[in-house]
Amino acid sequence: MRRLLLLCCLFVTGIGFALYNFQGLATKGQFDSIAVDFREDLPKGEIESQLKQLQSKFGVAPELNSKFSESDHLYTFKGNKALLDQIKSQDPELLKDVESIEPNYIYGLTDPTPSKDVNEPEYIHTASAPNDPMYNKQWHLHNINAEQAWETNKGSGITVAVIDTGVTKTTDMDKTEFVPGYDFVNNKTNADDDNGHGTHVAGSVAQSTNNSIGVAGVAYQAKIMPLKVLSAAGGGTVSDIAESIKFAADKGANVINMSLGGGGESALMKEAIDYAHNKGVVIVAAAGNENQSSASYPARYNHIIGVAAFDAKGEKAEFSNFGAGVDIAAPGGGHGSRVWQETIDPDGGAPQVIGLQGTSMAAPHVAGVAAMIMSAGVKDPNAVQQVLQESVRKIAEDPLNHYGAGQLDASAAVLMAARGQISFNDFFRWLHENGYLNLRFWFDGGAVALLPKILMVLGSYMFAFLVRYLFPSVSLATGLITGSSGLFFMRGFYMFDLPQAPFRMMGSSLAEMGNAIAGNNILNPLFASALIPALLLALLWGHETGKRFAIGLLLGTSACLAVNMVYAPHVWMLGDGLLPQVFLGVNAALCFVLAKFAAKAATAEAQA
Amino acid sequence: MITVTGLVEKKDIGMGVWALVSEDGQTYELLSCPKDLRQAGLKVTVSGAIDDQVMTAAAIGPVLAISSFEKLS
């Protein structure tokens, strides 16, 4: 009985904790006003007396929501959740007269700034957003799904060389790490900015984020290598730029951003670019701002990722080059919208957050995401470019190549980069995607043999990783869970007047189902073998999803049997000890081999 | 050496840049634009050379290195 109570308590606590942390749709909305909708049939005098009462009792000033809401009897007034609760509990008379009284949620985007030609949306600060006060203005970071990308990756361990007018460590660069750079214009080691362009660009790459100052940056844990090649006026020589590219490659930069363009083809530049590329450096450049078909140099060189710009609506910026040499598109402003970062005021050097537009502003978004991809473990520059281009939001109709492969998506890019990489982060991503990262799941696991379950999950992950690595087109999630551990928290689920066996079944892996009904720990050799998954595979082979389920089931069962072999080798009729161990081991191996061949065949079939 | 007639414009790209838009629609970047020319809408004839050894933050078109100019308005 005590065990039962304990299980119930754990379960309820688990559910409660999960629910408490679950942000439903409602909590995502923020509100600072309350909407009260009086019944349509209520006489005007009655409404007025209710409004007066609200005013005197709670000190609020209700107003018609708009000139159109008089007939709807819809009023709003300033107030928060506490006030809403107070009104609901203390004014029963009011509740009788209203159709609803509820939070007046602010949904999604606020009104666009009216003076601009393009809606530059301002976003609401959500709980998961960084605390930089002007982050809500950065439509360009929201656009590329930076927040979702930050859940797993912030570009740490990667150095981005910013070849530009220099970079000044402004107030909102306080947490951004710098590595030594160089000023090729004035030939000195300090590469401070005297124009404002380079600092803005570096801000897009790695502005200090979550530091309660200013704005955010894309890959804010990446390091910046400031390389000044452009003068205060904004121009620089091909020779200085070529030299700076080699400098970056030699000093360990992983990514180079060049928000600059112009001039003709140059053997010197070409050689420097090839040199850096061969050293494994990803090179990103702005496509140029002539609104012409074909990117300017250096973006049009081979081995350079040329970046076009789009505005806050996702339309091609009016100035952006397009056509040949454009590999991808990123937010760069246009039609009145701007990219917001901190930079210096060229007159006096004071820090300021300003909005700029240009393909110069688009390129560093790509450079930042390239840093994240590299941080996730993809090191080859061609592979990084492939991930960037394959993870984009594709634009269906793009006959003039305004967008290259499509529009940059940081979140999709880091997910794709992590795929095929075995890492701590990847493991957690896998847990999350397969439903294992669920508080209730682990919470109740404590009561139902947590350790072997963890081993089974780990085993499944290893197997899934191997299969994913060898046969990337097969998806196996559901089968893996059923085969390895089941929804094991369900085993601790008890309800009055209901038989518990069905919950035990749901909480069991396939191999344990034979003994789940009986409720003991002795495995049934019929279930704890390769037999059922193999039969299912044969039965479901003609069905696409069914086949994948069966392969997953084989892998999961294999993991489960292997763990049981070591941890609890009790098999009905075989007793315990060596005999059941051999039985379980052979069956685990059978399952795995079968899964491997099935996956191979399935992949071949899918590719045919 | 080329001679271009057109209007001076301040282009809102990056930190802002002075440009000469010729009568046939070609945009030239006036890097290190002389103070006398920094006036949007000014009609001028400029003599100079295209500098193709220079790259710029603005990347709005060929850089026209001015040797002389004449204001027409």
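Use the structure listed above.
Residues numbered from 1 in each chain as written. Chains lettered and ligands numbered in written order. Predicted model: local features only at pLDDT ≥ 70, side-chain atom pairs only at ≥ 80, totals over all residues. Heavy atoms only, no water.

Let's talk about the overall build of chain A
Moving on, step 1. Secondary structure summary: chain A contains 22 helices and 16 strands in total.
Moving on, step 2. Looking at chain A as a whole, 52% of its 608 residues are labelled buried.
Moving on, step 3. Within chain A, residue pairs in contact and separated by at least 24 positions form 70% of the contacts whose partners lie at least 6 positions apart.
Moving on, step 4. Counting only carbon and sulfur atoms, one obtains 59% of the accessible surface of chain A, whose full area is about 26,600 Å². (Helix = DSSP H or I, 4+ residues; strand = E, 2+ residues; numbered from the N terminus. Buried < 20%, exposed > 50% of the residue type's maximum accessible area, 1.4 Å probe, protein only. Contact = heavy atoms within 4.5 Å. Areas by Shrake-Rupley, 256 points an atom, 1.4 Å probe, with all protein chains shown as cover.)

Some points on the overall build of chain B
Moving on, step 1. Each helix and strand in chain B was counted, giving zero helices and six strands.
Moving on, step 2. Along chain B, from the amino end to the carboxyl end, the secondary structure elements read β-β-β-β-β-β.
Moving on, step 3. Split into buried and exposed, the 73 residues of chain B put 47% on the buried side.
Moving on, step 4. For chain B, restricting intrachain contacts to residue pairs at least 6 apart in sequence, the fraction spanning at least 24 positions comes to 54%.
Moving on, step 5. With the model as given, the accessible surface of chain B reaches about 3,500 Å², and the carbon-plus-sulfur share is 47%.

Thoughts on the pattern of salt bridges
Moving on, step 1. With the rule as written, the count across this model stands at eight salt bridges over all chains.
Moving on, step 2. Across the pair R338(A) and D12(B) runs a salt bridge whose closest N-O atoms are separated by 2.4 Å. Within this pair, whereas R338(A) is found in the loop between β12 (328–331) and β13 (339–344), its partner D12(B) is found in the loop between β1 (2–11) and β2 (17–22), the two belonging to separate chains.
Moving on, step 3. A relative accessible area of 17% means that R338(A) is categorised as buried.
Moving on, step 4. The class of D12(B) is partly exposed, set by a relative accessible area of 39%.
Moving on, step 5. Close ionic contact of K11(B) with E9(B) constitutes a salt bridge, the shortest N to O distance being 3.2 Å.
Moving on, step 6. A relative accessible area of 25% places K11(B) in the partly exposed class.
Moving on, step 7. Residue E9(B) is classed as partly exposed on the basis of its relative accessible area, which comes to 28%. (Salt bridge = Lys/Arg side-chain N within 4 Å of Asp/Glu carboxyl O.)

Observations concerning the sheet that holds strand β11 (residues 304–310) of chain A
All names here are of chain A.
Moving on, step 1. With parallel pairing, seven strands are arranged side by side in an open sheet as β6-β7-β5-β9-β10-β11-β12. Two strands bound the open sheet, and with one partner strand each, they are β6 (182–183) and β12.
Moving on, step 2. Note that β6 and strand β7 (residues 223–228) share two bridges and pair parallel. In the sheet register, D183 faces β7, and the bridge partner there is K228.
Moving on, step 3. Contacting β5 (159–164), β6, β7 and β9 (255–258), helix α9 (residues 238–250) crosses the sheet at an angle of about 155 degrees to β7. (Pairing = 2+ DSSP bridges. Axes fitted to C-alpha atoms, helices over the stretch in contact; angles between N-to-C directions.)

A look at the nonpolar core
Residues and elements named next belong to chain A.
Moving on, step 1. Membership of the largest hydrophobic core comes to 63 residues, with the highest contact counts inside it found for V255, V284, V366, V369, I373 and L388.
Moving on, step 2. In this view, V255 contacts I158, T159, V160, A161, V281, V282, V284, A367, A370, A371 and M374; residues no more than four positions away in its chain are not counted.
Moving on, step 3. In this structure, I163, L260, V281 and I283 belong to the second largest nonpolar core, which totals 39 residues. (Core = buried A, V, L, I, M, F, W, Y, C linked by side-chain atoms within 4.5 Å.)

Description of the packing of aromatic side chains
Residue and element names in this part refer to chain A.
Moving on, step 1. Applying the stated criterion across every chain, the model contains seven aromatic pairs over all chains.
Moving on, step 2. Ring centres of W150 and Y220 lie 5.4 Å apart, and the angle between their planes is 75 degrees; this geometry places the pair in the edge-to-face category. Of the two residues, W150 is situated in helix α7 (residues 146–150) and Y220 in the loop between α8 (197–206) and β7; the sequence distance between them amounts to 70 residues. The exposure classification of W150 matches that of Y220, with both residues buried.
Moving on, step 3. When the ring of Y297 is compared with that of Y301, the centres are 4.9 Å apart and the planes differ by 50 degrees; the resulting orientation is tilted. As far as the burial class goes, Y297 and Y301 line up, both buried. (Phe/Tyr/Trp six-rings, centres within 6.5 Å; stacked < 30°, edge-to-face > 60°.)

Describing a nonpolar patch on the surface
Residue and element names in this part refer to chain A.
Moving on, step 1. On the surface, a cluster of nonpolar side chains totalling about 380 Å² of accessible area is made up of L455, L458, V566 and Y567.
Moving on, step 2. Every element with two or more residues in the nonpolar patch is listed here: α16 (450–470) and α21 (544–567).
Moving on, step 3. By the secondary structure assignment, L455 is in helix α16.
Moving on, step 4. Classification of L455 by relative accessible area gives partly exposed; the value is 36%. (Patch = residues over 30% accessible without salt bridge, like charges linked within 9 Å, V, L, I, M, F, W, Y side chains within 5 Å.)

Section: the interface of chain B and chain A
Moving on, step 1. Chain B puts 16 residues into the contact, and the matching count from chain A is 33 residues.
Moving on, step 2. Approximately 1,800 Å² of surface area, both sides summed, lies buried where chain B meets chain A, with 59% of it carried by carbon and sulfur atoms.
Moving on, step 3. By the criterion of area lost to chain A, the three top residues of chain B are M15(B), M55(B) and A57(B), representing 42% of everything that side buries.
Moving on, step 4. The interface formed by chain B and chain A includes one salt bridge.
Moving on, step 5. Counting every contact that joins chain B to chain A gives eleven residue pairs in polar contact (both at pLDDT 80 or more).
Moving on, step 6. Taken together, the residues that form the side of chain B that touches chain A break down as nine nonpolar, five polar and two charged.
Moving on, step 7. Bridge analysis of strand β8 (residues 235–237) of chain A against strand β5 (residues 54–56) of chain B gives three bridges, and the strand direction is antiparallel. (Buried area = accessible area lost by both parts, 1.4 Å probe. Polar contact = N/O pair within 3.5 Å; in protein donor to acceptor, adjacent residues only side chain to side chain. Nonpolar A, V, L, I, M, F, W, Y, C, P; charged D, E, K, R; others polar.)

Functional significance is not addressed by these values, which are geometric in nature.
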